[in-house]
Amino acid sequence: MHKLLSTSTAARPTGSPPQRRLFRVPGGIHKGRLAALYADSDHSIKLTWSDYPYTVWPAAQAIASDSHDSPFSACMDSAGNIYLAYTDTGQVLKMIKLSFAGGVWSAGAAVEVINVDNTHRPFILKDGDGKLWCLFDHHRVSLDYRHYVRVKSSTDDGQTWGSGPADLGMQLSLAWVEPAYVSACLNFNKIYAVFCVGRSNLNMRICDLSGPTWGSESGIVSMDYIDDAFDIAPSHDGRIGLALALSAGSLYFKEYDDIAWSGLIEVDDGSGKSPQIVYQDNLPHIFYARHLGNNYYAPRHALKSGAEFALAIYSPYLGTFDKVLVYFSAGSTQFQDKTAAAGNVTAGDVFHYESQGLLDSVGDCVYFGRASRFFSIAVVLSTAGIGGSVIWEYFNGSAWVEFTPYSGAFDFDANDSLVLLWQDAASIPADWQLVAVDGYSAFWVRARVASGYSVNPVGSQMTAASHYSDFALVR
Amino acid sequence: MNTTLSYLTGNRKWLVRDFVVWGDSGSIDAAIIATESGPLEGRVVFLYELAGGLAQVVEFSDLVDHRGNQLPESIVNAEIILVPKDESHSFIVGAVGPSSFRIAKSFGQPAMADLLIMEMN
């Protein structure tokens with residue numbers, strides 16, 4: 001399923017990978033319901049929800065209207081109550097409890113967690129004794145202008161944090177010039193806090209909740225650059241998994257067995273970002289955005305199998321095309337297979353060798369085919385077409401049906417365009433059928449020239465992808 | 001609808017015998033929200049797929065009970081009890097929906113179970 005929930009003008013509507021935004025109600029008559037929090041604008045946070053099979057999402061309800069345009073985090077307890085931690089426009093860290101009763105979430109009043117200097121990128125969790133913990137980046141603008149990871153706790157369901165909002169809480173990291181990013185998880189009777197400081201250093205501190213006592217800071221890995229491209233998760237047998245993506249490319253995995261960290265395991269040697277990790281049957285599953293080229297991404301899934309990870313496509317709607325054909329009506333060979341050229345990033349390699357263009361004259365076509373339906377085409381051209389226009393069509397089982405893409409008419413006249421054929425996968429026409437084109441059966445969309453080009457477009461890359469970022473996996 | 005009529009029209013039950021469970025427990029129903037960035041605004045999208053193994057999603061309308069009757073397309077507040085027919089452990093994964101549910105075995109070869117499906121209304 002791929003469904004548009006909302007549009008947003010926030011800088012990062014679905015937040016930061018180490019944080020939490022999507023939750024599944026764990027029990028009761030609403031067991032299985034999903035609740036999603038997102039930044040609706042640069043100052044507002046909203047909540048929406050859906051019951052299985054998650055096809056219908058009611059209009060979102062406003063939760064906060066004073067939020068800073070930076071990532072927030074939340075957690076859900078066993079009763080379905082949600083605790084939201086966010087930075088307000090004055091860069092004060094606040095918490096709102098969303099009480100769950102009768103199938104409805106009701107937002108309480110915002111409580112200040114800390115109001116000294118600036119706070120950002122909080123992470124909130126609730127332990128087994130009902131104690132709330134909030135970890136955050138504390139930017140000491142009144143002292144040394146350094147960033148510190150700190151933690152505060154509340155034993156009264158979030159009404160009071162430490163001794164009050166002026167209480168700085170406990171310092172977990174040294175002082176750093178660069179912003180800090182923090183994540184945490186509970187496993188048995190411990191909190192594992194993992195944070196990135198200095199852009200490239202992932203460190204950890206463990207809190208034994210029987211004290212509670214925080215252990216000393218230890219290094220996990222130091223690589224350029226990680227920032228917030230990491231996530232952690234516990235396994236049922238007491239391990240902690242870590243997925244991290246470097247800004248330069250590769251995606252890695254490490255695991256902590258409560259004694260030591262494993263070596264670094266490469267998950268994907270291609271470029272990935274926004275990793276999310278979860279354990280199922282004590283096996284780590286990693287979900288991430290895989291770079292296909294030209295800043296277009298598709299979601300991928302990796303499952304540990306033996307010493308390595310098995311990679312798989314996550315969404316059937318997204319990825320490279322199974323077949324891309326260019327059709328030149330006046331050519332001696334009318335169809336040319338450009339599948340490989342359309343999937344790679346080589347500039348200017350998608351064209352018909354006789355017309356020297358992707359499209360040329362009236363009746364020429366470019367066909368995009370996949371074994372499963374799709375809703376987007378990321379079109380990167382080395383030469384934008386001039387003067388021509390196309391008609392977009394899909395096959396309904398008996399005829400080619402003309403349609404205007406959801407994102408508007410596109411005539412291969414811009415170098416980099418994301419063509420949304422339909423709003424989302426849920427909006428794909430139900431009558432779109434498989435058909436064989438040049439002997440290849442697929443779900444095809446074609447762009448057919450309605451008026452010829454004076455300058456033919458030449459393609460570099462065309463994929464069923466989008467500009468994905470900031471995955472938030474259900475918790 | 002008054003409660004008596006509701007009671008009489010609800011509480012239906014179906015027994016589906018010898019149902020073969022082949023779904024893998026290791027598969028995970030992964031729900032994700034993500035941002036699709038655009039030139040002027042972002043799109044908040046919901047992604048939901050089953051990943052990491054064979055996922056067995058059963059539509060009620062595909063089932064036939066022990067009397068030979070096809071089950072309805074949708075069942076209100078369905079509850080499902082599995083009665084194992086062999087040593088394999090099988091179970092319902094996640095929430096039961098109005099028209100379908102997901103089922104899995106814990107390990108090994110396909111398992112067999114009877115399904116007692118009750119409409120709680």
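It should be noted that the structure appears before, not after, this text.
Residues numbered from 1 in each chain as written. Chains lettered and ligands numbered in written order. Predicted model: local features only at pLDDT ≥ 70, side-chain atom pairs only at ≥ 80, totals over all residues.

## Structural notes on the pairing of strand 21 (residues 240-245) of chain A
A regular strand places its side chains on the two faces of the sheet in alternate fashion. Residue and element names in this part refer to chain A. Judged by how many residues are buried, strand 21 sits mostly within the fold: six of six residues are covered. Judged by which residues are buried, strand 21 turns out to be covered on both faces: Ile-240, Leu-242 and Leu-244 on one side and Gly-241, Ala-243 and Ala-245 on the other are all buried. Pairing of strand 20 (residues 230-234) with strand 21 involves five bridges; the strand directions are antiparallel. Residue pairing in the sheet places Ile-232 in a bridge with Leu-242 of strand 21. Between strand 20 and strand 21, which pair antiparallel one after the other, the connecting turn spans five residues, and Gly-238 there sits at a positive phi close to 95°. The sheet contact formed by strand 21 and strand 22 (residues 251-256) spans six bridges and is antiparallel. Directly across from Ile-240, in strand 22, lies its bridge partner Tyr-256. Where strand 21 folds back onto strand 22 in an antiparallel hairpin, the turn is made up of five residues, including Gly-249, whose phi is positive at roughly 155°. (Buried ≥ 20, exposed ≤ 12 C-beta atoms within 10 Å, placed from the backbone. Helix = DSSP H or I, 4+ residues; strand = E, 2+ residues; numbered from the N terminus. Pairing = 2+ DSSP bridges.)

## As for unusual backbone geometry
Residue and element names in this part refer to chain A. Of the consecutive residues Tyr-52 and Pro-53, the connecting peptide bond is found in the cis state with omega at 10°. Here Pro-53 lies in the loop between strand 4 (44-50) and strand 5 (61-64). Following Gly-211, the chain continues into Pro-212 via a peptide bond in cis, with omega recorded as -5°. Residue placement: Pro-212 occurs in the loop between strand 17 (201-208) and strand 18 (213-214). A positive phi is found at Asn-294, a non-glycine position, where the angle reads about 55°.

## Some thoughts on the pairing of strand 12 (residues 132-139) of chain A
Residues and elements named next belong to chain A. Strand 12 sits mainly inside the fold: seven of its eight residues count as buried. Of the pairings in the sheet, the one linking strand 11 (residues 118-126) to strand 12 comprises seven bridges and is antiparallel in character. The residue of strand 12 that forms the bridge with Phe-123 is Leu-135. In textbook terms, the turn of a hairpin is the stretch between consecutive antiparallel strands, and for strand 11 and strand 12 this stretch comprises five residues, one of which, Gly-130, has a positive phi near 85°.

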